Amino acid sequence: MDGREAPILADDDYIRDLPLWSPDGGRLAYTREESGKSRLVVWSSESHDEEPLTALTTAPKWVYDWSPDGRGLLVSQAPNDTQPMAVWLLTVADAPHAEASARKIISDPVYDLFQSHFSPDGRWIVFEAFKASLLESRLYVTLASGGPRTQITDGKHWADKPRWSPDGKIIYFVSEHGGVFNVWGIHFDLASGKPRGEPFQVTAFESPGPMVPRQIPSVELSLTQDKLMLTMEKRSGSIWMLDNVGP
């Protein structure tokens with residue numbers, strides 16, 4: 001890495017959002033908006049072409065994770081604006097109409113479900129349950145094959161952007177305490193599917209200074225074996241004196 005930036009595609013009228021690398025680093029999956037509608041597409045780093053994964057619809061949809069084998073995608077989508085977002089598993093090989101064979105694996109009658117991610121062994125899925133009317137966001141884990149869910153955070157503080165450590169033994173996430181977002185973590189037992197101990201704080205950002213943006217939808221969190229990458233911002237303000245302001 002030399003720090004240089006290179007565009008993946010030429011400028012056009014499409015809006016592309018939430019790009020996500022496949023496990024082998026050869027493909028990107030993301031949402032592409034076209035004239036008020038959207039579809040999921042996959043871009044190849046070999047051919048530099050993007051191919052539609054789903055049909056173009058008005059229903060919102062976002063991709064959050066690839067399956068460890070690179071064959072499936074975890075997607076949040078809803079059939080219309082009145083029903084909560086649920087987590088679906090799409091098969092990449094079924095493009096350009098992967099929605100036809102999609103399987104709903106997690107849903108809730110009240111909460112919108114976002115930020116779903118497979119554990120490294122593919123057995124578990126961590127996800128965010130969000131309820132706009134209560135301004136509430138909490139994290140859960142469930143088996144990838146379905147079944148009961150285990151609550152990871154208490155719901156007293158906003159919790160978002162859950163990510164597994166490379167060995168699957170820690171779930172990292174962003175949480176708000178005292179009006180400031182920081183990265184937290186909680187140990188996880190892959191055998192039992194239960195958290196171990198209490199959440200622990202990883203970062204200690206305080207205002208003013210570099211901190212996690214308050215606009216949490218724009219924040220991203222990514223992990224490597226020994227590094228954590230996080231969206232940050234630094235706010236500043238000035239006092240100005242204006243002359244000649246009289247009538």
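Heads up: the structure comes first, above all this text.
Read on for an overview of the structure. Source: prediction; values computed, not measured.

1. Concerning the sheet that holds strand β2 (residues 27-34)
Sheet architecture is open: 4 strands sit in the order β1-β2-β3-β4, paired in antiparallel fashion. Both outer strands of the open sheet, β1 (15-21) and β4 (50-52), are each paired with one neighbouring strand and no more. Here the average twist between neighbouring strands, direction ignored, is 30°. Alignment of β2 against strand β3 (residues 37-44), held across 8 bridges, turns out to be antiparallel. Looking at β3, one finds that Tyr30 is bridged to Val41.

2. Section: the nonpolar core
Counting residues in each nonpolar core, the largest one holds 16 residues, and the members touching the most others are Val174, Phe181 and Ile216. Looking at this core, the element that brings in the most residues is strand β14 (residues 170-177), giving 3 residues. Those residues in contact with Ile216, other than ones at most four positions away along the chain, are Trp158, Asp160, Lys161, Val174 and Phe181. With 13 residues, the next largest nonpolar core counts Leu40, Leu53, Leu73 and Leu90 among its residues.

3. Some words on the environment of Arg103
Examined against the element boundaries, Arg103 turns out to sit in strand β8 (residues 103-106). Distance in space between the C-alpha atoms of Arg103 and Leu89 is 5.2 Å, their sequence separation being 14 residues.

4. Observations concerning the layout of surface pockets
Space inside the largest pocket adds up to approximately 1100 Å³. What lines the largest pocket is a set of 32 residues, among which Leu20, His117, Arg163, Leu221 and Ser222 lie closest to the centre. Those elements that provide at least two residues to the lining of the largest pocket are β1, β5 (61-66), β9 (112-118), β13 (159-164), β17 (221-223) and β18 (228-230). Of the residues assigned to the lining of the largest pocket, the class counts are 19 nonpolar, 10 polar and 3 charged.

5. A word on the pairing of strand β6 (residues 72-77)
Burial analysis of β6 places 6 of its 6 residues in the buried class, the great majority of the element. With 5 bridges joining them, β5 and β6 adopt antiparallel strand pairing. What sits directly across from Val63, in β6, is Val75. The hairpin turn running from β5 into β6, its antiparallel successor, is 5 residues long, and Gly70 in that turn takes a positive phi close to 75°.

6. Things to note about the side chain of Ser137
Tracing the backbone through its elements, the reader meets Ser137 in strand β11 (residues 136-143). Among the polar contacts listed, one links the side chain of Ser137 to the side chain of Glu128, at a separation of 2.7 Å. Among the polar contacts listed, one links the side chain of Ser137 to the backbone oxygen of Ala159, at a separation of 2.6 Å. Ignoring sequence-local partners within four residues, the contact set of Ser137 consists of Glu128, Ala129, Phe130, His157, Trp158 and Ala159.

7. Structural notes on the environment of Pro84
Within the secondary structure, Pro84 is located in the loop between β6 and β7 (86-91). Once the C-alpha coordinates of Pro84 and Glu176 are considered, the two residues, 92 residues apart in sequence, prove to be 24 Å apart. In contact with Pro84, not counting residues within four places along its chain, are Gln77, Ala78, Asp108, Pro109, Val110, Tyr111 and Asp112.

8. A look at unusual backbone geometry
At the junction of Ala95 and Pro96, the peptide bond is cis and its omega measures out at 10° in the coordinates. One non-glycine residue, Leu18, adopts positive backbone phi at about 55°. By the secondary structure assignment, Leu18 is in strand β1. For Lys161, which is not glycine, the phi torsion reads 55° and is therefore positive. Taking relative accessible area as the criterion, Lys161 reaches 3% and is therefore assigned buried.

9. Observations concerning the pattern of salt bridges
Side-chain pairs of opposite charge can arise where the charged atoms are in close proximity. Using the criterion set out here, one finds 10 salt bridges in the structure. Across the salt bridge formed by Arg32 and Glu50, the nearest N and O atoms sit 2.7 Å from each other. One end of the pair, Arg32, is in strand β2; the other, Glu50, is in strand β4, and 18 residues separate them in sequence. In this structure, Arg32 and Glu50 share a single accessibility class: buried. Taken together, the shared-partner salt bridges in this structure form one network comprising Asp12, Arg16, Arg32, Glu34, Arg39 and Glu50.

The rules behind each value
Residues numbered from 1 in each chain as written. Predicted model: local features only at pLDDT ≥ 70, side-chain atom pairs only at ≥ 80, totals over all residues. Heavy atoms only, no water. Pairing = 2+ DSSP bridges. Helix = DSSP H or I, 4+ residues; strand = E, 2+ residues; numbered from the N terminus. Axes fitted to C-alpha atoms, helices over the stretch in contact; angles between N-to-C directions. Core = buried A, V, L, I, M, F, W, Y, C linked by side-chain atoms within 4.5 Å. Buried < 20%, exposed > 50% of the residue type's maximum accessible area, 1.4 Å probe, protein only. Contact = heavy atoms within 4.5 Å. 1 Å grid on protein atoms, 1.4 Å probe; cavity = no way out; pocket = protein on both sides within 12 Å on 5 of 7 lines; lining within 4 Å. Points joined across faces, edges and corners; volume = space filled by probe spheres on them. Nonpolar A, V, L, I, M, F, W, Y, C, P; charged D, E, K, R; others polar. Polar contact = N/O pair within 3.5 Å; in protein donor to acceptor, adjacent residues only side chain to side chain. Salt bridge = Lys/Arg side-chain N within 4 Å of Asp/Glu carboxyl O.

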